[in-house]
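What follows is each chain in one-letter form.
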2 protein chains.
Amino acid sequence: MQKYVYFFGGGKAEGKGDMKDTLGGKGAGLAEMTNAGLPVPPGFTISTDVCKTFYDNNGKLSPEIQAQIDEALGRLEGVSEQKLGSTEHPLLVSVRSGAKFSMPGMMDTILNLGLNETTVKALSSRTGNDRFAWDSYRRFIQMYGNVVLQIEKQAFDEIFDNVKEKAHAKLDTDIPVASLQEIVKRYKALVKEKTKADFPDDPRQQLQGAVYAVFGSWNNPRAIHYRRMNKISESLGTAVNVQAMVFGNMGDTSGTGVGFTRNPSTGEKEFYGEFLMNAQGEDVVAGIRTPLPIGELNRVMPDCYKQLREITDRLERHYRDMQDFEFTIQETRLYMLQTRNGKRTGKAAVKIAADMVREKLISSDEALMRVEPSQLDQLLHPILDPKAQAKELAKGLPASPGAVSGMIVFSANDAVEKAKKNRVVLVRKETVPDDIHGMEVAVGILPSRCGMTSHAAVVARGMGICCVVGAESITIDEKNKVLRVGDKTLREGDWVTLEGSTGRVFEGQVPTIEADPNSGDFAEFMAMADKVRRLGIRANADIPRDAQVARKFGAEGIGLCRTEHMFFAKDRLPHVQKMILSNTEAERRQHLDTLLPFQRADFEGLFREMDGLPVTIRLLDPPLHEFLPKREELMVELATLRAKGGDKKEIEEKEKLLHRVEALHEINPMLGHRGCRLGITYPEISEMQCRAIFEAAVKVQKEGKTVKPEIMIPLVVVPKELQEQKAIVDRVAQDVFSKAGVKVEYMTGTMIELPRASVVADQIAETAEFFSFGTNDLTQTTFGFSRDDAGKIIADYISKGILKSDPFQELDRDGVGALVKMGIEKGRATRPKLKIGICGEHGGDPSSVEFCDQVGLDYVSCSPYRVPIARLAAAQAVVARKSSGERGRTV
Amino acid sequence: MQKYVYFFGGGKAEGKGDMKDTLGGKGAGLAEMTNAGLPVPPGFTISTDVCKTFYDNNGKLSPEIQAQIDEALGRLEGVSEQKLGSTEHPLLVSVRSGAKFSMPGMMDTILNLGLNETTVKALSSRTGNDRFAWDSYRRFIQMYGNVVLQIEKQAFDEIFDNVKEKAHAKLDTDIPVASLQEIVKRYKALVKEKTKADFPDDPRQQLQGAVYAVFGSWNNPRAIHYRRMNKISESLGTAVNVQAMVFGNMGDTSGTGVGFTRNPSTGEKEFYGEFLMNAQGEDVVAGIRTPLPIGELNRVMPDCYKQLREITDRLERHYRDMQDFEFTIQETRLYMLQTRNGKRTGKAAVKIAADMVREKLISSDEALMRVEPSQLDQLLHPILDPKAQAKELAKGLPASPGAVSGMIVFSANDAVEKAKKNRVVLVRKETVPDDIHGMEVAVGILPSRCGMTSHAAVVARGMGICCVVGAESITIDEKNKVLRVGDKTLREGDWVTLEGSTGRVFEGQVPTIEADPNSGDFAEFMAMADKVRRLGIRANADIPRDAQVARKFGAEGIGLCRTEHMFFAKDRLPHVQKMILSNTEAERRQHLDTLLPFQRADFEGLFREMDGLPVTIRLLDPPLHEFLPKREELMVELATLRAKGGDKKEIEEKEKLLHRVEALHEINPMLGHRGCRLGITYPEISEMQCRAIFEAAVKVQKEGKTVKPEIMIPLVVVPKELQEQKAIVDRVAQDVFSKAGVKVEYMTGTMIELPRASVVADQIAETAEFFSFGTNDLTQTTFGFSRDDAGKIIADYISKGILKSDPFQELDRDGVGALVKMGIEKGRATRPKLKIGICGEHGGDPSSVEFCDQVGLDYVSCSPYRVPIARLAAAQAVVARKSSGERGRTV
């Protein structure tokens, strides 16, 4: 017979601390504490398996399970020497949920169960505390009425407040017994009115109702939402804990509290928490009375305080992690009601992990697993001073972390202009590649319409610029340079502060604190990660400033330098446009010659900054029309000019320009004339770029630095594309080297960013010396999701449970991942030592980094500010593999 | 030692007829004829392998090969009892190319080689024919000078014409010997002037030059172009045939001719050809003298004629195919110079194949392989009367076959208007989905800008409407309704004729001939194909008319009905637009209710037409903005209105519309909100469509017909998408059936048209009852090629040799094909009997059909007019598998 119910009490528990799958976190903690001899009220846990059968069985429990519950209840009555419904020693119990992963506040709890008109009197006479008994009873009816009978809480509150007022009571504890009795009476009348039935008097019926309600709460909307948000599986189910009540509301020697063994905000090793005397658990949270700092307990009840410190110290040593605990003192006697690993900030997580290694409490491998990589974000960017008073204007999506203040501007040109004197925040409906010069000089970007994967967001993350997108309550009038939100109107020059890690927007300047990645606990912690990880970590960086940041954060090379970002710069764009509008190769070459020194200087800067480390440079990738004015804008300008009978010559020139833009127009630019297709149509562009790279490499090498260029050809689908482009690379390299009398070692490889490239990777690897998976584009074509358009669809899909996560944020292992694996296997079949990396946004996502480690990539490349995250995720991947006994295995 | 040179002569040849790889077509034919004892001048073939070594060796032959040539030349001198350069019995030879596949006129030929100032005299005295000797000599210098020495032909022609004129000669044969000698003298002077060297006198030097030139001609631009066009591999190389000359220009008992054993145009079994007396080969082709029909030979030289008939009959029986032969008569003696399988029209190919089966000359399997599937096209559409005189206006790409005449119109609305009275040809720069109503009523479509895979071309092929695209010499002024080409101007109402199978555009009305697929040789031939093929053949058809055509052409079901084509119809589009512009689900449902009867009627028509056969209906697929006015057009209208200070209310309304269109605007619509993503956002659309389908099915079934609906969910990438949509299908079906008291059998399946769907096909097959590969879209995302944009890139890639063929026309086996195979294997792993088809444009492409057969698909679906092509291609795939001994094997 399967065991469904686990008893704990009398110093022994049937369950254990490692049975979280079966008992849930709370149940496992109670069992563990009981076995450890700690003062835990006895009770039993109905396992998570029952939750599944409950749903399979149309919301009922089988007789077999009911029998096990009854048996456990009997044992509980025996151990507690009380009896459910007894008129002398009535047993009262709490009924609480408890899933494997903590879901604070998401599911239901019922306290004081077992009370009715007779047992309340027994409780009263047994404790000699009439007030306490009736207070417990009214609490019970209220909770049960709300949770089990689903009567809105407000209806109870109204009765309570009404009677309290009538009794002229200031505090809840001031309400006299008679009034409490009146409350009970009126509560019961309310129940009768709402449910057309009497409030259940039979404690066994009460218990069944409560257990069913807790199981039922697993699927309430907020629980479902929480699980989606936190990626907790729907199939886990919750356990139910039925436990003998202890009472913190029995008078001035009773109380209740919650606490942490270390500071969850800073990580400092200090006892941390709050408590209330003469109260039940929910009072601490509800905020009706202000709780006291836990240190005060030492003054109020020094014995209890000492005992609590001893117990919690022991718990921390036992669990080898910072504990979050709940306790109740019933008439000077301390009871532990819960212990679990405490949630903490990134800063605290790092400090605690580092401290515990020093304290020899945990190994460095364990320490590495104690920090969520994404939490590191909080430590890398300046953060808002938590002490500052700030007025929140709006909330958007946290597109790129950081905390910055700046004066708002409404166009890229204004940004450049104003940035000469001030820090600016660029406010736009949405950004376009043309805005790059404005984005470059801004400290923050606030595009009101875009999503997390929009151009603005990607570029901002790439540049490490703080960015909040999609703050939809904000209306932007770019023409009149006005930002409106609610009844507020902000104009150019007004200050705002963005918090990129939360998506919050504040009015005015909010003070910030700087982060330093190379000192203290953080540096120590990252050194542990670096020792363990197998994957190399590079950064995506286009300009020396980014490269410098990347290096500071521990990047071991540049995995993606997007040369087009150099083309968008203000001093070059006119030349780029002329080049595109050229009619002949000769004309095109002339303009390319003008661009050459710019590009060369860019590369020189990068090479110097990355001395000794590899720099992967991708040749021109975006469709050329991105560099030209927008087609529809030209059409509108032209229509306006024509309608107004404008200057004939101006019209003619605009027509000519429009004609060229029309010729380059594409219906699906993502699938059009871009990537190496450009270099094949216009080999002279590839030539110029290669010349710039090699001339820069030669120059910087002559300065005594070590230069390792890796030329990357984008968007290859047919091996011959790569062959043709590589021929140009090699030809230009030879030419530059022979003129300079110097040779620089270099490699030529390709992005694998279209499904066909993965499928024929064996053929491509005949020419490619390295692969870099462009998982952004690969995700686009594998799913048929345009990043620019599919944001809404993906959000809709996630909310409907069709997708578990955004495949642009977390690499889709089943689909895109399978193509990545195929590409690796085929590529290495041809060229066993092929160097393979990834340079999509996924390179900075922990789950994706884990996948990259599993499938045997050599490195990941991500935006500079995500480098530490990737370093930690890569280390965790190794530790996870070790601990699952699959060391060295590639999936 | 490898054998490079194969001798033939004296009744025996070293080579054989089946050695085309080594000897080329001509060489193999000469060897075979020699072995068969036919009168063939002796000679030798330098193998195609030499061609490869020639290029590997920088355009030279190795001493080893040269030695084999010398040895063969020695044997030739022995057998012919003549000697190269001999002053008594000089050997003269022809040097001709001959690749494995005939490339008529693409490579070079030299006749009369071996002549010089001494041998010409020997020839003269030996033949007693001074004129013949000098005529041969001047021909030789001219050909050699042109082909080997690369002096332009015109320079020789000028000298020839000048002397001819001076001699007052009417015909070439009238030119006196002295004049021929003068020509020779002046030719040599020309050579000296151009090459700064004397014309080579040494016959061995001549021979080497000629052989080198012929090998060199393998890579002349026209040969390369021809191979690309006809998909002949670059690596095959050509052989060179050196053969003792026989002379058709030795007087009135000499002559030369070409012929076919059956009529290559009609297939009739009749002796067919032309000849000229006293002439050399090139005279017949050059058209200076008009050749005589070959029947005349019976009158002129009855013995030769009889011998020729006997020989060619024998050759046809021997080769078991219609022969294309060349012969020369030298002083009453007949020589065979070439025989090969003759090229023929589609009509002839079918008739000859059917006849030869009846004659028991070939098996039906062989007969099936004798017709190029694409040739059937010529038999299915009306064709231009070959006898008609037609004035070609322009030439574009053959987008959709047929031959039609119509009055030109320049807009879809004009088409609808004018089509009430006349046949119209819709002329546009490019078509958009909005034009569908105009396209529907047109007999032909002429979009000047589009490519072969453009919207216009796809729709035209789908509808079986004749279409010529990309005729770039045509300029279209849609506003003024004027078409210009060269100095011609055509206006609305002028007549043009399109020939869709060649892409030609003619002025005026050119008479046509109708095709009938269900009688005569064609029907008989197709019956043979149907007996052999394994693949089912369905058609893509959206309306009853197309379904009717499809059935007539042998379709066994509809593999793709695109329901959106019904949405574009003129009487529905306004309702569709209102539905899209709705703000609430209720409003949307209201407009959907209006559309329901239309859709139901559509399906009723289809089900009636396809009684007993399956009909696969795809739910709405395109992005909704395709149904709305174009964004940029609205912007321009609005700008114009504003600039002109237009009506305020009108501006407001346009702004509102633009706002909605903006909201639906996508940067890459191909990767946006389309396919099942629509049905998931707006389940009510799927619901309406399913209701229309099942209500129609119930109704038609009650009429006593058999209805087999297959509901197809487009663009699935995640299994849950399909589950959600299938739930709607099943729910609506149950509802309709229970109301009607009738059940209709149906299936629900999905398109596999994105890479991820192939990769997770095992998961999708858990829900899908059938798969249909949408290889158009799959090709788009696998390659990252937008069909709308990549036409130019693909053309460029093909011309540069980066791609071998257009992957939208011929399924890319390495890439897309690998994903198709993966999808099949994974799908069948989950559901072994999963029905799988293909419904992209590839379903009508023979090479793609072969692939579909190999990988084990159940059926292909193509446009109605391509059904016979697919039927034949499917049969050929089976025969090919049988003959390669791989029966039943799936690749």
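From a predicted model like this one, the values you see are computed outputs, not experimental measurements.

Observations regarding the overall build of chain A
Summing up its helical and strand segments, chain A has 35 helices and 32 strands in all. Across its three principal axes, chain A shows a C-alpha extent of roughly 105 × 65 × 50 Å. A sequence separation of at least 24 residues applies to 68% of the contacts in chain A between residues at least 6 apart. Of the roughly 35500 Å² of accessible surface on chain A, a fraction of 48% belongs to carbon and sulfur atoms.

Observations regarding the relation of the copies chain A and chain B
The transformation that overlays chain A on chain B combines an axial shift of 0.2 Å with a rotation of 180°, and the residual RMSD is 0.5 Å. Both copies are brought into coincidence by an operation consistent with a two-fold rotation axis. Scanning chain A for the C-alpha nearest the rotation axis identifies Asn668(A), at a separation of 2.2 Å.

A closer look at the interface of chain A and chain B
In this complex, chain A contributes 56 residues to the contact, which on the side of chain B involves 56 residues. Here chain A and chain B share an interface that buries about 4600 Å² over both sides, 60% of which is from carbon and sulfur atoms. There are four salt bridges connecting chain A and chain B. A salt bridge links Glu632(A) to Arg631(B), with the nearest nitrogen and oxygen atoms 2.9 Å apart. At the surface where chain A touches chain B, the tally comes to 26 residue pairs in polar contact (both at pLDDT 80 or more). Within the residue set of the side of chain A that touches chain B, elements represented by two or more residues are helix H24 (631-643), helix H26 (676-681), helix H28 (719-740), helix H29 (755-759), helix H31 (775-783), helix H32 (791-799) and helix H33 (813-830) of chain A. With seven residues, H24(A) is the largest single contributor of residues to the side of chain A that touches chain B.

Considering helix H2 (residues 48-56) of chain B
Owing to its 3.6 residues per turn, the α-helix brings residues three or four apart onto one side. Residues and elements named next belong to chain B. For H2, the complete set of buried residues consists of Thr48, Val50, Cys51 and Phe54. For H2, the buried positions fall inside an angular range of 145° around the axis, keeping them on one side. Contacts from the buried residues of H2 go to helix H1 (20-35), strand E3 (43-46), helix H3 (63-80), helix H8 (203-217) and strand E6 (238-244). One or two residues past the end of H2 sits Asn58, with phi positive at roughly 55°.

Let's talk about the confidence of the model for chain A
The pLDDT averaged across chain A works out to 91; a share of 96% of its residues lies at or above 70. Here residues 886-891 of chain A is a poorly scored stretch, pLDDT under 50, and it has 12 contacts once near neighbours within four places are set aside; other chains count.

Here's the deal with the nonpolar core
Counting residues in each nonpolar core, the largest one holds 312 residues, and the members touching the most others are Phe603(A), Phe607(A), Phe694(A), Phe603(B), Phe607(B) and Phe694(B). The residues touching Phe607(B), leaving out its near neighbours within four places in the chain, are Val615(B), Ile617(B), Ile693(B), Ala696(B), Ala697(B), Val700(B), Val707(B) and Pro709(B).

A few points about the sheet that holds strand E18 (residues 466-469) of chain A
Residues and elements named next belong to chain A. Taken together, eight strands build an open sheet; the order of strands is E13-E23-E22-E15-E16-E17-E18-E14 and the sheet is mixed. Looking at strand neighbours, the two that pair on one side only are strand E13 (392-395) and strand E14 (397-400), the edges of this open sheet. Strand-to-strand twist in this sheet, taken as the mean axis angle between neighbours without regard to direction, amounts to 30°. The pairing of E14 with E18 spans three bridges and is antiparallel. The partner of Leu397 across the bridge, within E18, is Val469.

A look at the pairing of strand E23 (residues 504-507) of chain B
Relative to E23(B), strand E13 (residues 392-395) of chain B runs antiparallel, the two sharing three bridges. Within E23(B), the residue paired with Glu392(B) across the bridge is Phe506(B).

Overview of the side chain of Lys726(B)
Along the chain, Lys726(B) falls in helix H28 (residues 719-740). Judged by its relative accessible area of 17%, Lys726(B) is buried.

Observations regarding the packing of H31(A) against H33(A)
Residues and elements named next belong to chain A. For the pair H31 and H33, interaxial distance at closest approach is 10 Å and the crossing angle is 120°. Classed by the angle they form, the pair H31 and H33 counts as oblique. Judged by the twist between their axes, the crossing of H31 over H33 is right-handed. Judged by residue contacts, Thr775, Leu778, Thr779, Thr782 and Phe783 of H31 engage Gly815, Val816, Leu819 and Val820 from H33.

Details of the side chain of Arg262(A)
Residues and elements named next belong to chain A. Tracing the backbone through its elements, the reader meets Arg262 in the loop between strand E7 (255-260) and strand E8 (272-277). Here Glu359 takes part through its side chain, which lies 2.6 Å from a polar atom of the side chain of Arg262. Not counting residues up to four positions away in its chain, the partners in contact with Arg262 are Gly267, Glu268, Lys269, Glu270, Tyr272, Glu316, Met322, Ile352, Asp355, Met356, Glu359 and Leu361.

Focus: the pattern of salt bridges
A side chain with one charge can pair with a side chain of the opposite charge if their charged atoms come near. Counted by the stated rule, this structure contains 145 salt bridges over all chains. For Asp542(B), the salt bridge goes to Arg562(B), with nearest N and O atoms at 3.4 Å. With Asp542(B) in the loop between strand E25 (536-540) and helix H20 (544-552) and Arg562(B) in strand E26 (residues 558-562), this residue pair connects regions lying 20 residues apart in the sequence. Assessed through its relative accessible area of 13%, Arg562(B) is described here as buried. Counted as one network, the salt bridges with shared partners bring together Lys351(A), Asp355(A), Arg358(A), Asp521(A) and Glu524(A).

Brief notes about the sheet that holds strand E29 (residues 747-752) of chain B
All names here are of chain B. If you walk around this closed barrel you meet the eight strands as E25-E26-E27-E28-E29-E30-E31-E32, and the pairing is parallel. Adjacent strand axes in the sheet meet at a mean angle of 25°, parallel and antiparallel pairs treated alike. Examined bridge by bridge, strand E30 (residues 770-773) and strand E31 (residues 835-838) share four bridges and lie parallel to one another. When the sheet's bridge partners are listed, Ser772 is paired in E31 with Gly837. Strand contacts of helix H23 (residues 585-609): E26, strand E27 (614-618) and strand E28 (708-713), with the helix running at about 155° to E27, the strand carrying the most contacts.

Here's the deal with unusual backbone geometry
A negative phi angle characterises most non-glycine residues, just as the trans form characterises most peptide bonds. For Asn58(A), which is not a glycine, the phi torsion comes out positive at approximately 55°. Residue Asn58(A) is classed as exposed on the basis of its relative accessible area, which comes to 73%. One non-glycine residue with positive phi stands out, namely Glu331(B), at about 45°. Accessibility expressed as a relative area gives 40% for Glu331(B), which makes it partly exposed.

Calculation criteria
Residues numbered from 1 in each chain as written. Chains lettered and ligands numbered in written order. Predicted model: local features only at pLDDT ≥ 70, side-chain atom pairs only at ≥ 80, totals over all residues. Heavy atoms only, no water. Helix = DSSP H or I, 4+ residues; strand = E, 2+ residues; numbered from the N terminus. Contact = heavy atoms within 4.5 Å. Areas by Shrake-Rupley, 256 points an atom, 1.4 Å probe, with all protein chains shown as cover. Least-squares fit on C-alpha atoms with pLDDT ≥ 70 in both. Buried area = accessible area lost by both parts, 1.4 Å probe. Salt bridge = Lys/Arg side-chain N within 4 Å of Asp/Glu carboxyl O. Polar contact = N/O pair within 3.5 Å; in protein donor to acceptor, adjacent residues only side chain to side chain. Buried < 20%, exposed > 50% of the residue type's maximum accessible area, 1.4 Å probe, protein only. Arc of directions from axis to C-beta. pLDDT = per-residue confidence, 0-100. Core = buried A, V, L, I, M, F, W, Y, C linked by side-chain atoms within 4.5 Å. Pairing = 2+ DSSP bridges. Axes fitted to C-alpha atoms, helices over the stretch in contact; angles between N-to-C directions. Parallel < 35°, antiparallel > 145°, perpendicular 65-115°, else oblique. Left-handed = near helix turned anticlockwise from the far one by under 90°.

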